[in-house]
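# A look at the structure
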Amino acid sequence: MAKFGIGQAVKRTEDLRLLSGQGRYTDDLSLPGQTQAFVLRSPYAHARITSIDVTDAKAAPGVLLVLTGADVQADGLGPVPCISPPVNSRDGSPYTPTDRPALAIDTVRHVGDPVALIVAETLNQARDAAELIEIDYDELPTATDTVGATKSGAAQIWPAAANNVGFDWERGDQAATEAAFAKADRVVKLELVNNRVVVNSMEPRVAVADHDTAANRTTVYVSSQGPHFMLGQLAEHVFKVDPSEFRMMTGDVGGGFGMKIFLYPEQILVTWASRKLGRPVKWNADRTEGFMSDSQGRDNVTIAEMALDKDSHFLGLRVTTYAALGAYNANMGPFIPTLAGTSMLAGLYKTPAIYVNVKGVFTNTVPTDAYRGAGRPEAIYVIERLVDKIGRETGLGVDEIRRRNFLQPSDLPYASPLGETYDSGEFTALMEAGMDAADWAGFESRRAAAKANGKLRGIGMSTYVEVCGGIPETSKVEFAEDSDEVTIFIGTQSNGQGHETSYIQIMSDRLGVDAEKIKVVQGDTDRTPNGMTGGSASVTSGGVAVAKVSEKIIEKGRQIAAHIMETATDDIEYAEGTFTVAGTDRRMSVFELARAANDPAQLPDGMEPGLNETFANDDLKPTYPNGCHICEIEIDKDTGNVDIVSYRAVDDFGDVVNPLLLAGQVHGGVAQGVGQALFERTVYDDSGQLLSGSFMDYTMPRADNLPWVEFSTRNVRCVTNHLGIKGSGEAGTIGAPPAVISAIVDALQPDYGLIDVDMPATPNYLWQIINGQRAAA
């Protein structure tokens, strides 16, 4: 295998293993003496538990353990913690706390809330025993509508949250924004819904716990985005013991998308059960459980207004969002609709004054938390839809209104009114590159041809910016003592992105050693430094840590090589994995030097033995990827079906580690964004029943729904990190929804005079609009 350089389109090193069936996912684990757990869940969205009788279940064949909320109390287990940074209301009060026990104690608050755990020798035995549990519920009124839950008379979910508002948070300068509106020549207003989505990762959540009674230590195997994030919560918040009593491990992961970052009741339950039984306990969610228990995404209702001067320059932006939290504050629930993404409401525009108000709303639904993009897609959807509407209302068009208000290179670095500092980018040129790639100028002829065939054709764009990175990561490197091999230990966790390849590529580039000699270890709290995957930070932060630790190795190696080869450090050159005395043939490979460095006699006085090194990247400066996505669609007037005939993305990701992996990230993100825009609809009825709780009722995007994404870059180097790169993992999910809906609005407007539609733009929804049976949003 050759040396890999940064910038090469290298195929993923892990693919052969995964494609040949050699992947090892958590569900593949089968430990000696392993038992099976089943979670009995509430059929009601809101009810008091008046009694639970588990007598018959405990006596059922194969049953080893039955636990309820009473046992949670008796054993003193702490609830699933909310570890969000402070999100205080406008009056200074903190967000309303919610206790989320691993098993409901006296009240259930959404369909699927865990009520009892049954552990048996087999899963079927556990399921059968669950049917023997007798539970009496006193059903309570429910609140499921995001805005309706805040109205007078709505059912109260938490007594401390008046009108179900958990926080009433603000950001920006309200006085300056009101002044901007007071002097505006025009105000454009938009109300929109960012629909709730179910994550539906290919691999469901899985957890296996194995308690060693003699050592009093529990190993928990879990499908995650980095087990360190869960370990501290599990030990300190829930079991209230020293974290050294736990080891958490993650193998291969079949998709995470934010949802697998977090601690859930089921991970607590299997750990608790294993510690009680002294045997391994396994739980694996079926798809229905995933719909009812995995944290869900989005679910915002937003009113946005822009103040403009007579030349349609933006003066001020005012945004109010109702953000559904679900029945409980999830791990990072309050953070996502507030601090995580609202700063992106500024978009790529020079808007002098912005004020944002977010109301976190409790509803009798599954809790919400991070979903690919985590607040940034929601913010960009708002500003891009609003800018589109301004372009249409003013007659300037969706392109010219952007040109008129874009930040220019001379404005950078730019401190936005919402606290971000954009470091790099050429936003007008990027949009024009996208328009050229999409043949924007020739669109009207394509529209006319489609009309002749009875189709409605539209073209739409979005121009986005995203804040990402800024998460500390540490890379530890160890050289083998008896072979030419080096291992990277890192706390991030690949769940499909190709981290292994990226880290190997960076180290191969920096150390100049063959890629086949570099190994990567992730997903083991005993062996890896603290870290996690999220926020498009794995390469922007973890990759920088790998580059920096490689450079530390070279610098220390030069000193050792100089001592061994009896020359000055300045005379030591390093290239292609070899330390050389300049102008001579005296040399040592980095692997030879690493072995020599283990002998104190061969080291300069006072130097620590070994060439192993660690670098903690605690530089929290974020990156700001940006791009222009252009979507062209046709609508069949007879069916309302949308056909995406072309999709082009031109993005700025700074310097690029691997163009092939980068394109894959954009393609996958676009697919998820298209899914939300056109297909994915989470529906709860008034009683809190999830009506879209299976793939029979919840539509996922399929291959024949998606076009080939024509992807290219127009990169401007990032100046906030050592590698010059910008995050890319969430960009497609951010750019796609507003681009798709913009194209649909453009297709409908000439004949139907529409200004807006909401997601998901399903065939039935569009057919009703076309046939006059439903007003647009």
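Before reading on, note that the structure itself is shown above.
The following paragraphs examine the structure supplied in this document.

Conventions adopted
Residues numbered from 1 in each chain as written. Predicted model: local features only at pLDDT ≥ 70, side-chain atom pairs only at ≥ 80, totals over all residues. Heavy atoms only, no water. Helix = DSSP H or I, 4+ residues; strand = E, 2+ residues; numbered from the N terminus. Buried < 20%, exposed > 50% of the residue type's maximum accessible area, 1.4 Å probe, protein only. Polar contact = N/O pair within 3.5 Å; in protein donor to acceptor, adjacent residues only side chain to side chain. Contact = heavy atoms within 4.5 Å. Patch = residues over 30% accessible without salt bridge, like charges linked within 9 Å, V, L, I, M, F, W, Y side chains within 5 Å. Areas by Shrake-Rupley, 256 points an atom, 1.4 Å probe, with all protein chains shown as cover. Salt bridge = Lys/Arg side-chain N within 4 Å of Asp/Glu carboxyl O. Lys, Arg positive; Asp, Glu negative; His and termini not counted. Charge placed at Lys NZ, Arg CZ, Asp CG, Glu CD. Core = buried A, V, L, I, M, F, W, Y, C linked by side-chain atoms within 4.5 Å. Pairing = 2+ DSSP bridges. Axes fitted to C-alpha atoms, helices over the stretch in contact; angles between N-to-C directions.

## Topic: the side chain of Thr525
- When you line up the elements, Thr525 lands in the loop between β22 (518–521) and α14 (538–564).
- Residue Thr525 is classed as buried on the basis of its relative accessible area of 13%.
- At 2.9 Å, the side chain of Thr525 forms a polar contact with the backbone nitrogen of Met248.
- Filtering out sequence-adjacent residues up to four positions away, Thr525 remains in contact with Pro227, His228, Leu231, Arg247 and Met248.

## Considering a negative patch on the surface
- Among the surface-exposed residues, Asp53, Asp56, Glu134 and Asp136 lie close enough to one another that they form a single negatively charged patch.
- With respect to the secondary-structure elements, Asp56 resides in helix α2 (residues 55–58).

## So, the nonpolar core
- In terms of nonpolar packing, the biggest core is built from 103 residues, with Ile635, Tyr647, Leu678 and Ile744 touching the most fellow members.
- If you tally residues by element for this core, the top one is helix α17 (residues 731–752), at 11 residues.
- Discounting chain neighbours no more than four positions away, the residues touching Tyr647 are His629, Ile630, Cys631, Val670, Pro707, Trp708, Val709, Glu710, Gly735, Ala736, Ala739 and Val740.
- With 43 residues, the next largest nonpolar core counts Val513, Ala561, Leu723 and Ile725 among its residues.

## Regarding the pairing of strand β24 (residues 578–581)
- Burial along β24 is two-sided: the face carrying Thr578 and Thr580 and the face carrying Phe579 and Val581 are both buried.
- Hairpin remark: strand β23 (residues 572–575) followed by β24, antiparallel, with 2 residues in the connecting loop; positive phi at Glu576, about 55°.
- Here β24 runs beside strand β25 (residues 587–589); their pairing, made up of 3 bridges, is antiparallel. Within the sheet, the bridge partner assigned to Thr580 lies in β25 and is Arg587.
- Adjacent in sequence and paired antiparallel, β24 and β25 are bridged by 5 residues, among which Gly583 carries a positive phi angle near 80°.

## Re the sheet that holds strand β1 (residues 35–41)
- Pairing within the open sheet is mixed, and its 7 strands lie in the order β3-β5-β1-β12-β9-β10-β11. The open sheet is flanked by β3 (63–68) and β11 (246–249), the only strands paired with a single partner. When strand polarity is set aside, the average angle formed by the axes of neighbouring strands in this sheet is 20°.
- For strand β9 (residues 206–212) and strand β12 (residues 281–284), the ladder comprises 4 bridges, and the chain directions are antiparallel. Residue pairing in the sheet places Val208 in a bridge with Lys282 of β12.

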